[in-house]
Amino acid sequence: MRVSADRTAPLDVEVGFSAVSSAGWSCAMRVDGRRVRYELRGDGPVPPPPPCLDGFAAATLMTAMAEGRALRLHGPISRTGLRNLMEFQRAWTRWKPRHYRLVPIEADSVLEGPLGAPGGPAIAAFSGGLDSTFTLLSHAAPADPLQALGRHDLRALVLVQGLDMASADAAGFARLLDRLRPVAARFGLKLHQVWTDAKDVRDLHGPVWEDQSQSQLAACLHLFSAGFGGGLTGGALRYEHLG
């Protein structure tokens, strides 16, 4: 797999979508010649591809930060996404200044105003583990009135193959999907699926995969941004232990 030898040039990101339908679609993200694939499938209709490349920026930003290179998106980014990713950088460069540097984010255009489904329902990453189950219960079935004040209107779950579970383990993923479908149905939620080989593209990662795990998951959730107003993930660390 070809990797750019020029570490002073921007990290170029291009995305192409194919086989788009209400049943699902696929896309390929090219990063300096490296290709990362995503396939989206739904239990029922799924949204069309996202209107901007915010999620793909999240998937590649830490690589650019680790290499000290500008991130160059061949497509649009939203103003909100740009603002959030700059704040994301400021946090990580304070937490791990030896590993990451603040870098520019460039795009063909910056989209203003609300995009996708602002204020719409939420979608949550769900693996069946303790953290994601807590997230599910917190928003689909809050335990008390105080907890309910902070709930999102959760309408669907996403199970991702290729991050925690190996991208090649089709049989294991099918068994997990069969086990989790009744859980989603119990709360009246759709259980959509994403397949990706992002973790297999070794030289696309920053120094530590665990640093990128949440941003990679956020990228998978952003694939649904044309139909949902927010994405939720669980977390294993308390706030005071982050970084």
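Note: the structure precedes this text.
Since we're looking at a predicted model, the values are computed, not measured.

Asker: How would you sum up the pattern of salt bridges? Please name residues and give values.
Answerer: What the rule picks out here adds up to 13 salt bridges. One salt bridge in this structure joins E106 and R72, with 3.9 Å as the shortest N-O distance. Of this pair, E106 sits in strand β5 (residues 105–111) while R72 sits in strand β4 (residues 71–78), and the two are 34 residues apart along the sequence. According to the relative accessible area criterion, E106 is partly exposed, its value standing at 33%.

Asker: Describe helix α6 (residues 209–222), with residues and values.
Answerer: Here α6 spans 20 Å end to end across 14 residues, near enough to the 20 Å set by a 1.5 Å rise per residue. The buried fraction of α6 amounts to ten of the 14 residues, a majority that puts the element mostly inside the structure. Within the span of α6, buried status applies to W209, D211, Q212, S215, Q216, L217, A219, C220, L221 and H222.

Asker: Give a detailed account of helix α1 (residues 54–67), specifying residues and quantitative values.
Answerer: For α1, which comprises 14 residues, the first-to-last C-alpha distance of 20 Å matches the rise-based estimate of 20 Å (1.5 Å per residue) to within 8%. T60 marks where α1 bends most, by close to 40 degrees. The element α1 is largely enclosed, with a buried count of 13 among its 14 residues. Once α1 finishes, G68 follows within two positions and takes phi at roughly 70 degrees, a positive value.

Asker: Which residues make up the state of the cysteines, and what values do they have?
Answerer: Scanning the model with the defined rule gives zero disulfides in all. Here C220 stays unpaired: no disulfide links it, and the sulfur of C27, its closest cysteine neighbor, is 9.3 Å away. By relative accessible area, which is 1% here, C220 ends up buried.

Asker: Give me the lowdown on the packing of α1 against helix α2 (residues 79–95), citing residues and values where you can.
Answerer: Running from N to C, α1 and α2 point in directions that differ by 30 degrees, and their axes come no closer than 11 Å. Judged by the angle between their axes, α1 and α2 are roughly parallel. Relative to α2, α1 is oriented so that their crossing is right-handed. Contacts from D54, A57, A58, L61, M62 and M65 of α1 reach α2 at G81, L85, F88, Q89, W92 and T93. Its residues assigned to classes, the contact of α1 with α2 comprises eight nonpolar, three polar and one charged.

Asker: Quick rundown of the sheet that holds strand β7 (residues 154–161)? Include the residues and the values.
Answerer: Strand order in this open sheet of nine strands is β5-β4-β1-β2-β3-β8-β7-β6-β9, and the pairing throughout is mixed. The open sheet terminates on both sides in strands that have one partner only, identified here as β5 and β9 (230–232). For this sheet the average axis-to-axis angle between neighbouring strands, irrespective of direction, equals 25 degrees. With eight bridges joining them, strand β2 (residues 24–31) and strand β3 (residues 34–41) adopt antiparallel strand pairing.

Quick notes on the rules
- Residues numbered from 1 in each chain as written.
- Predicted model: local features only at pLDDT ≥ 70, side-chain atom pairs only at ≥ 80, totals over all residues.
- Heavy atoms only, no water.
- Salt bridge = Lys/Arg side-chain N within 4 Å of Asp/Glu carboxyl O.
- Helix = DSSP H or I, 4+ residues; strand = E, 2+ residues; numbered from the N terminus.
- Buried < 20%, exposed > 50% of the residue type's maximum accessible area, 1.4 Å probe, protein only.
- Expected span 1.5 Å × (residues − 1).
- Bend = angle between axes of the 7 residues up to and from the residue.
- Disulfide = S-S within 2.5 Å.
- Axes fitted to C-alpha atoms, helices over the stretch in contact; angles between N-to-C directions.
- Parallel < 35°, antiparallel > 145°, perpendicular 65-115°, else oblique.
- Left-handed = near helix turned anticlockwise from the far one by under 90°.
- Contact = heavy atoms within 4.5 Å.
- Nonpolar A, V, L, I, M, F, W, Y, C, P; charged D, E, K, R; others polar.
- Pairing = 2+ DSSP bridges.

That's the geometry; what it means functionally is another story.
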